[in-house]
Amino acid sequence: MQTQYYIELEEKFGAHNYHPLDVVIARGQGVWVYDIEGKKYLDCLSAYSALNQGHVHPRILKVMIEQAQKVTLTSRAFRNDQLPLFYKELSELTGYEMSLPMNSGAEAVETALKVARKWAYNVKKVPKDQAEIIVASGNFHGRTISIISFSTEQAYRENFGPFTPGFTIVPYNDDQALEKKITPNTAAVMLEPIQGEAGVIIPKPGYLKRVAEICKQNNVLFIADEIQSGLGRTGKLFACHHEDVKADMTIIGKALSGGFYPVSAVLADTPILGLLKPGDHGSTFGGNPLAAAIAREALKVIVEERLIENAANMGEYFYERLSEINSPHIKEVRGKGLLIGVELKPSAGGARRFCEALKNTGILAKETHEHVIRFAPPLIIDRATIDWAMPKIRDVLMTE
Ligand SMILES: *Cc1c(COP(=O)(O)O)cnc(C)c1O
């Protein structure tokens, strides 16, 4: 009754650019969320990995409240006492010399693309307006016009042209095809180390390392979009670390704020990010003291609560338990750390109805790409909670 009221309001007054599950969440704590009728659910989406630290983490909440009482926004016209510490701590954690803070993930992707183009003209000496950036099929990097210009997903592009030129698409997970498309004008290659939105697509071992080598040999920047795969999700700080790859630029967002606030950043060393000069780029809210304070604490929680190690351990446990489910609907279970996809056979009739059924048992997961159920709970999850969830997941996959 009450739930229906909120759904009707949303459908009537809001643009229909999402197709949410019909659960109206009123409260979250740790791995759990509660709907307006008090029913409890295990969050296995974590807001697309923005909630690695869990819902309403008490440490981040405390910092947010304290900082909000001091100063929230200065704009970059003035300096503030949080941003420099955020820069320093981010550098110490990630090993990159510099960073550039933005708000949404898409903005950070746009930032990295601009920096790559500037690097191409200023350092590589690509002729004016000729820079090319190579991306992969199945990519998801956000929703701006330039970013959807190189999407291979029809629904993301339809009716939104004309598109931004300068991008070349190659098949994901094919380093030879990528190498063939490099020209003297190639500025950068941008990839997700694991394609989350495409359905948790994990490239073959050695792919990222080979791509990084190809980039190095050809004087091309390698940009890793770790907005979803980074900050511990896959059991390493960055998914590229599984292959000992350090991208020339790494893009982060989502869990950088633990779900409290939009915070994103581009990481790179000084010869690259140092190319930007005053006036080249900016954002009113990017690097504001509230964002910086929240992100500082969100990063400390990841390290001090050993969430990266927990993602590796619990990810393996979750994956093994899922693999034991002998359902006729399952085509494949794949994952790294706590980014796990269960791909269903086409005969299963799509993942949506399984997500609806999971919701009714108290587990929130979302279909991605029609046939894949993504399981990506907060990285604070423990064995007992996985043991609580597994019979319900098995039940849905067996009987639906
Ligand atoms: C979510 C996501 C983005 C876009 O982030 P927004 O904050 O939604 O703009 C970009 N790249 C990847 C890999 C993502 O998962």
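This text follows the structure it describes.
(A) Layout of the nonpolar core. With 87 residues, the main nonpolar core has Phe222, Leu322, Ile373, Phe375 and Ile393 as its most contacted residues. Per-element tally for this core: the top contributor is helix H11 (residues 289-304), with nine residues. Looking at which domains feed residues into this core, each of domain 1 (3-56 + 306-398) and domain 2 (58-304) gives three or more. Among the nonpolar cores identified, the runner-up in size contains 31 residues, and Val115, Ala116, Ile147 and Ile227 belong to it.

(B) Region of the structure containing the layout of surface pockets. The calculated volume of the second largest pocket comes to roughly 490 Å³. Of all elements in the fold, only helix H4 (83-94) and strand S4 (98-102) reach the threshold of two or more residues within the lining of the second largest pocket. Residue composition of the lining of the second largest pocket, by class: eight nonpolar, eight polar and five charged.

(C) How the structure looks around the site of the ligand. Around the ligand, the surrounding shell consists of Ser104, Gly105, Ala106, Phe140, His141, Gly142, Glu192, Asp225, Ile227, Gln228 and Lys254. Separating an oxygen atom of the ligand from a backbone N or O atom of glycine 105 is a distance of 2.8 Å. Phenylalanine 140 is positioned with one of its backbone polar atoms (N or O) 3.3 Å from a nitrogen atom of the ligand. For the shell around the ligand, a count of residues per class yields three nonpolar, five polar and three charged.

(D) Focus on the sheet that holds strand S6 (residues 167-170). Spatially, seven strands are ordered S4-S10-S9-S8-S7-S5-S6 in an open sheet, and the strand pairing comes out mixed. The outermost strands of the open sheet, each flanked by one partner alone, are S4 and S6. Mean inter-strand twist for the sheet, computed between neighbouring axes without regard to direction, equals 20 degrees. Across four bridges, strand S5 (residues 132-136) lies against S6 in parallel orientation.

(E) Inspection of the packing of helix H13 (residues 352-361) against helix H14 (residues 383-399) at higher detail. Here H13 crosses H14 at 140 degrees, and the two axes come no closer than 10 Å. Considering the angle they form, H13 stands oblique to H14. Considering only the axes of H13 and H14, their crossing is right-handed. Contacts between H13 and H14 pair Phe354, Ala357, Leu358 and Thr361 from the former with Trp388, Lys392, Ile393, Val396 and Leu397 from the latter.

How each quantity is defined
Residues numbered from 1 in each chain as written. Predicted model: local features only at pLDDT ≥ 70, side-chain atom pairs only at ≥ 80, totals over all residues. Heavy atoms only, no water. Core = buried A, V, L, I, M, F, W, Y, C linked by side-chain atoms within 4.5 Å. Buried < 20%, exposed > 50% of the residue type's maximum accessible area, 1.4 Å probe, protein only. Helix = DSSP H or I, 4+ residues; strand = E, 2+ residues; numbered from the N terminus. Domains from an automatic or database assignment. 1 Å grid on protein atoms, 1.4 Å probe; cavity = no way out; pocket = protein on both sides within 12 Å on 5 of 7 lines; lining within 4 Å. Points joined across faces, edges and corners; volume = space filled by probe spheres on them. Nonpolar A, V, L, I, M, F, W, Y, C, P; charged D, E, K, R; others polar. Near = heavy atom within 4 Å. Polar contact = N/O pair within 3.5 Å; in protein donor to acceptor, adjacent residues only side chain to side chain. Pairing = 2+ DSSP bridges. Axes fitted to C-alpha atoms, helices over the stretch in contact; angles between N-to-C directions. Parallel < 35°, antiparallel > 145°, perpendicular 65-115°, else oblique. Left-handed = near helix turned anticlockwise from the far one by under 90°. Contact = heavy atoms within 4.5 Å.

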